[in-house]
Amino acid sequence: MDFNEDFNNWLTAALSEDVPDDVAAFHFNLYESAGDDEIRFGIDLVGTGSFDPEDDDWACDEVWTPEQRMLYIPLEASGTEWEACLSCMKSLVQNYLNTEQGPAEKLKSGAAVGIGFVDGDIELVWQR
């Protein structure tokens, strides 16, 4: 199984869980992982209670996380530089949103979907 399939399966499972009505937006946090030569980065998903395109702190307003919150990204999928990882993960999220599956529609039930490294800028992947 390749990482694209792993990512899609992880995200579908996460979005198959009950998401509370107070989730205003979704955010994919990217972070650097430590301790494994084959994994440099990880990704997780949160539902937030607010959304403000002018203030990136909306992504910190977590009101929901899936049971399997994190997914480690193998080096061959992420590359070694954060810019490459961000670009790759943003593309995977955009492709998932374009599938128009039930779980993808759940992501679009909020005001926006963002992605970015923890302590970094947020890029909006989708906005209502």
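For the structure itself, look to the data block above.
Let me begin by describing the structure that accompanies this report. (Residues numbered from 1 in each chain as written. Predicted model: local features only at pLDDT ≥ 70, side-chain atom pairs only at ≥ 80, totals over all residues. Heavy atoms only, no water.)

## Considering the pattern of salt bridges
Then comes step 1: Counted under the stated rule, the structure contains five salt bridges.
Then comes step 2: Ionic contacts of the salt-bridge type, sharing partners, join the residues Asp-44, Glu-62 and Arg-69 into one network. (Salt bridge = Lys/Arg side-chain N within 4 Å of Asp/Glu carboxyl O.)

## Some remarks on the nonpolar core
Then comes step 1: Phe-7, Phe-28 and Ile-43 are the most contacted members of the largest nonpolar core, which has 31 residues in total.
Then comes step 2: Secondary-structure elements contributing two or more residues to this core are helix H1 (3-15), strand E1 (25-32), strand E2 (39-48), strand E4 (70-74), helix H3 (82-97), helix H4 (102-107) and strand E5 (112-117).
Then comes step 3: If you tally residues by element for this core, the top one is H3, at seven residues.
Then comes step 4: The contact partners of Phe-7, leaving out residues within four places of it in the chain, are Phe-28, Ile-43, Leu-71, Leu-92 and Val-93.
Then comes step 5: Ranked by size, the runner-up nonpolar core spans six residues in total, among them Ala-25, Trp-58, Ala-112 and Ile-122. (Core = buried A, V, L, I, M, F, W, Y, C linked by side-chain atoms within 4.5 Å. Buried < 20%, exposed > 50% of the residue type's maximum accessible area, 1.4 Å probe, protein only. Helix = DSSP H or I, 4+ residues; strand = E, 2+ residues; numbered from the N terminus. Contact = heavy atoms within 4.5 Å.)

## Describing the side chain of Asn-29
Then comes step 1: Residue placement: Asn-29 occurs in strand E1.
Then comes step 2: Of note is the side chain of Asn-29, whose polar atom sits 2.9 Å from the side chain of Asp-44. (Polar contact = N/O pair within 3.5 Å; in protein donor to acceptor, adjacent residues only side chain to side chain.)

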